[in-house]
Structure formats: C-alpha cells, structure tokens
Amino acid sequence: MNETDRTHICKIGDIDWSGADAPEPSDRVCGSKLVEPWLSAIIQAEHVSLLVGNGLTTAAVTLAGGTPVPMDGGLGLGADLGDAIEREAAAEATRTGRGTPNIEDRLRVALAVENGLRVLNDARAQTVSDAITRGLTELCAAVLRAEEALNAIPATGMDRYTPAGYLVAFILAFASRTPTRDRLHIFTTNYDRLIEDACDRAGLRILDRFVGSLRPRFRSSRLDVDIHYNPPGIRGEPRFLEGVARLTKMHGSIDWQAAGGEVVRQHVSFGDPSAASRVATDSLLVYPQPSKDVETGYFPYADLFRDFSAALCRPNSVLVTYGYGFGDDHINRVLRDMLTLASTHLVVISWDHAEGRIQRFIEQCQAGPQVSLLIGSHFGDLRTLVDSYLPRPSIDDVTWRRAHLLQGRAIPPASTDGRDVDTQ
C-alpha cells in the first residue's frame, strides 16, 4: 500500500489498520470502543509525558475560527544577505530533517550573520539586527493573535465544548491520573500560552521551575515541590493533591525575558496583539533566542532539555505526542534514546505524515513495537479526538465501581456520551 492509500493509520496494540478514507468512531476495527480503553490504560502508566507542537495551537485556533501562527515567514532582507541567509537556512533544515526552512531556521542563521558582521565592524550588522527585530515582532504578534482567537468563543450546536473548552478537555484527559502516580509532564515547543490558559481554566496547578509571584524567576535547582495532605484517620500515608502538572516550554515563551543574568517571566496580557512591539526586544527568550549574552544562550535551554531527557529516558515511561512534526533533531535524539529502553512507549497522534518525517523516525529508531500511531485528519482533529477517542477527564473510581456492579448484575453499562464502558 502506497503513502496515498495510507492517509489514515491506526496502529495500537493488536490493531494495525490503514486506509485512504477516515474511519467512523463506531468502527469495529479501529473505533472508539477499542482506542479509548487503550488510551485510558496507557495514560495510567507509571510515568506519562505529553509533547505538543505547533499542531495543537493550529488545531485550537482553527477550531475558534482564527489564523494559525505561520512558521514560514521571512526576514525581508535584500537580495545579497537575504539570499545567503535563505540558502543556509534551507541547508540547515535539510540537515536536521525538517526539509522546508521555517522562521526559526532563518532567525538562527541571521543571528550568526549579525554576530559575524559585528566582529568585522560591518555596517550591515544593523540592517540584519533590524530585520531580526521585525521578524520577532511579526512572530509575537501572530502568537498573540492566536491567543486572542480563543477568547469568548461560544460553542455551536454540534460542539460539546467551546474551542477553549476542547483544549481544556484535551489537557485534562492526560492530567487525570491517579494522584499517587508521577505527575503528568507537559513539554511544548510553542511560544504561546494556550496550555497555561487551559490549565488555569481547568484549575490545574503548574510546576514550571519559576518561583515567585510579582516577578517569577527561573530556577536551575529542580525542586519537585508538590502539595499533599493526609487523609483523615491515616498516619504516615500522604496523598498527593489532585490537579497538579509539570510544564516545560523547551523553546521559551513570549513572556520570558533575560534580565540581569536571570530569566524572569514578565506580564504580557493573554491575547493582546498590541503588546508585540514591547515583547520583541533583545532580552526576549524564544528559540533561537535573540539575546547576545553567551550565558543566556545556554541558560535556560540546557536545564529545560535536561528535564526532557530525565523525564523520558527511564523505565516504564510513556510519551504521547500531538501536533509535533518530528522536525527538531535535538528532540528526536532524546526520543530515540528513550526507545532504547524496552519498557518505554511512544504514542504519535498527528494530522498528517509530517512530510514523511514520522515514518523516517520510526525506521531510524527501529522500535516499531514500542511506537503506536493515530495519524490522519480524522484522528488529528481536536474535536473528534476529544469527543470520541480520549478518555473522559475523570480520576475518581465511581465509574469503575459502577461498571463492576453492573457487570455482576449482567447489565452492560453505557457511558453518558453514548459509548459503552469497557468492563473487561
């Protein structure tokens, strides 16, 4: 079967289905009755992490009727420097397996060109610097417009949630773990604050290395401070509080700044495009960061990727990716190391095949049995995924007690949303 015939792929457990047409959630081969229980079981693994890329922002913003963040923007330089930067950005994108260069590739090359021109005392360094500032301003404005699209969007008659509500339900499906297990660790390459907004709406407490209220500062010392309480009548058996998740933004954020040798989180109103010109300064920390300070060039990114590798490269670890296109080799390297451990598992949920990068990654790591796939516009659609395939965001055991009770009475239980509850 060629790639055209494999538009949709469902490969989980004993299921290995592919086809050109989207399946129905009620399908007996790869429907929700088979996929949802399996995802529910894997989310309750000992260590669970979630890696989301620009695809999550695109899905949520598109659902809200907004414009996704374009990652293919240029810098608007002249024919001389502009062509040279474009050629090097294309070559770097090819080396890393991304194929087509994006704004990050162009910024990374432009920063190197600017530094070289300044060493040579070339006046064109200021021209490149101005182009970098324009590129960052446009990128920040696009990110803030994407955030703005999720504000105050009502649900239509066919939707269970508002667009922001679908994002909340998506996060809660993974964060709803038994409190005694390791916390969900969310990793993202996005600069926006959609995940933080969804966690705020859901009442989830985030642990993200920042300490402080008025001027939160990034700390290299990773203190896994958590909240717990002792259930009444029990001594020496603390129970962790529900509704806590860890968050690591591996490529920085539009509200991170380098200030006085520290990384601080400044206040940037959620979804305020007018703040873009104030955000895009030399102290902005997005990847590749524009700050010229050598120390800042490695801090905090080294700490963030150390958290990434520590969370994934350990036994009984599960990683679920959504909207990540496998175009960042520094991330793929950690994923390949994770899959060298036989007890680890990778679940890929994607709108498409990411220009063949997903298949190439699986072939490189040679860990087919440890990789599960839900690929295609059907599985990658945020509304369909939440409505039909992800487990309901519930961490109490009332549903399970009800299922066992009805099983003992030989009555097949039915869920509130029309799906049968798997009691086997």
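Model, not experiment: these values are computed from the prediction. (Residues numbered from 1 in each chain as written. Predicted model: local features only at pLDDT ≥ 70, side-chain atom pairs only at ≥ 80, totals over all residues. Heavy atoms only, no water.)

Student: Please set out the overall build of the protein chain residue by residue, giving values where relevant.
Tutor: Tallying secondary structure elements over the protein chain gives 15 helices and 16 strands in all. Counting only residues that meet the buried cut, the protein chain has 50% of its 424 residues in that class. Pairs at least 24 residues apart make up 71% of the contacts formed inside the protein chain by residues separated by at least 6 positions. (Helix = DSSP H or I, 4+ residues; strand = E, 2+ residues; numbered from the N terminus. Buried < 20%, exposed > 50% of the residue type's maximum accessible area, 1.4 Å probe, protein only. Contact = heavy atoms within 4.5 Å.)

Student: Mind laying out the nonpolar core, listing which residues take part and the relevant values?
Tutor: Counting 82 residues, the largest nonpolar core has Phe170, Phe174, Tyr322 and Leu382 as its most contacted members. Considering every element that reaches this core, the biggest residue donor is helix H5 (residues 124–149), with 13 residues. Ignoring anything within four residues of it in the chain, the contact list for Phe174 reads Ile43, Leu50, Leu184, Val320 and Leu390. In this structure, Tyr324, Val334, Cys365 and Leu373 belong to the second largest nonpolar core, which totals 27 residues. (Core = buried A, V, L, I, M, F, W, Y, C linked by side-chain atoms within 4.5 Å.)

Student: Help me get a handle on the packing of aromatic side chains, residues and values and all.
Tutor: Applying the stated rule across the entire model yields twelve aromatic pairs. Measuring from ring centre to ring centre gives 4.9 Å for Phe187 and Phe308, while their planes differ by 75 degrees; the resulting arrangement is edge-to-face. A residue pair is termed long-range when its members are at least 10 positions apart, and Phe187 in strand S4 (residues 184–188) and Phe308 in helix H10 (residues 301–312) qualify at 121 residues. When its relative accessible area of 0% is taken as the criterion, Phe187 is described as buried. Between Tyr324 and Phe326 the ring centres are 4.8 Å apart and the planes differ by 50 degrees, which places this aromatic pair in the tilted class. Among the residues examined, Tyr324 registers a relative accessible area of 3% and is labelled buried. A residue is classified by how much of its surface remains accessible, and Phe326, at 2% relative accessible area, is buried. Within the aromatic cluster, the residues linked to one another by ring pairs are Phe170, Phe174 and Tyr322. Residue placement shows Arg265 over the ring face of Phe210; its charged tip is 4.7 Å from the ring centre. (Phe/Tyr/Trp six-rings, centres within 6.5 Å; stacked < 30°, edge-to-face > 60°. Lys NZ or Arg CZ within 6 Å of the ring centre and 35° of its normal.)

Student: So what about helix H7 (residues 194–202)? Which residues, and what values?
Tutor: Helical geometry: 3.6 residues make up each α-helical turn, so side chains three or four residues apart lie on a common side. Among the residues of H7, those classed as buried are Leu194, Ile195, Glu196, Asp197, Ala198 and Cys199. Positive phi shows up at Gly203, right after H7, with a value of about 80 degrees.

Student: Outline the sheet that holds strand S15 (residues 345–350), listing residues and values.
Tutor: Here nine strands make up an open sheet; going across it, the order is S2-S1-S16-S15-S14-S3-S4-S10-S5 and the pairing mixed. Only two strands of the sheet have a single neighbouring strand rather than two, namely strand S2 (15–19) and strand S5 (205–207). This sheet shows a mean twist of 20 degrees between the axes of neighbouring strands, independent of strand direction. (Pairing = 2+ DSSP bridges. Axes fitted to C-alpha atoms, helices over the stretch in contact; angles between N-to-C directions.)

Student: Tell me what's going on with the pattern of salt bridges, and back it up with residues and numbers.
Tutor: Overall, the coordinates contain 20 salt bridges when judged by the stated rule. Between Glu147 and Arg193 there is a salt bridge, with the nearest N and O atoms lying 2.6 Å from each other. Of this pair, Glu147 sits in helix H5 while Arg193 sits in the loop between S4 and H7, and the two are 46 residues apart along the sequence. You can call Arg193 buried: its relative accessible area is 7%. Glu262 is the salt-bridge partner of Arg219, the closest N and O atoms lying 4.0 Å from each other. Highlighted residues: Arg219 in the loop between strand S7 (217–218) and strand S8 (228–229) and Glu262 in strand S12 (residues 262–265), separated in sequence by 43 residues. The exposure class of Glu262 is partly exposed, given its relative accessible area of 30%. Through salt bridges with shared partners, a single ionic network connects Asp80, Asp122 and Arg124. (Salt bridge = Lys/Arg side-chain N within 4 Å of Asp/Glu carboxyl O.)

Student: Lay out the pairing of strand S3 (residues 47–52) in plain terms, naming residues and giving numbers.
Tutor: Within S3, six of the six residues are buried, leaving the element largely enclosed by the surrounding structure. Taking every second residue as pointing to the same face, both faces of S3 are buried, with His47, Ser49 and Leu51 on one and Val48, Leu50 and Val52 on the other. Where S3 meets strand S14 (residues 317–322), six bridges bridge the pair, whose relative direction is parallel. Within the sheet, the bridge partner assigned to Leu50 lies in S14 and is Val320. When S3 meets S4, the two strands line up parallel, connected through four bridges. Among the inter-strand pairings, Ser49 is bridged to a residue of S4, identified as His185.

Student: So, the packing of helix H11 (residues 329–338) against helix H12 (residues 357–365): which residues are in play, and what are the values?
Tutor: When two helices pack together, their arrangement is given by the angle between their axes and by how far apart the axes lie. At their nearest, the axes of H11 and H12 sit 10 Å apart, and the two run at 45 degrees to each other. Overall, the two elements H11 and H12 adopt an arrangement that is oblique. In the crossing of H11 with H12, the sense of the turn from one axis to the other is right-handed. Mapping the contact onto sequence places Asn332, Leu335 and Arg336 in H11 and Phe361, Gln364 and Cys365 in H12. Along the lines of polarity and charge, the residues of the contact of H11 with H12 split into three nonpolar, two polar and one charged. (Parallel < 35°, antiparallel > 145°, perpendicular 65-115°, else oblique. Left-handed = near helix turned anticlockwise from the far one by under 90°. Nonpolar A, V, L, I, M, F, W, Y, C, P; charged D, E, K, R; others polar.)

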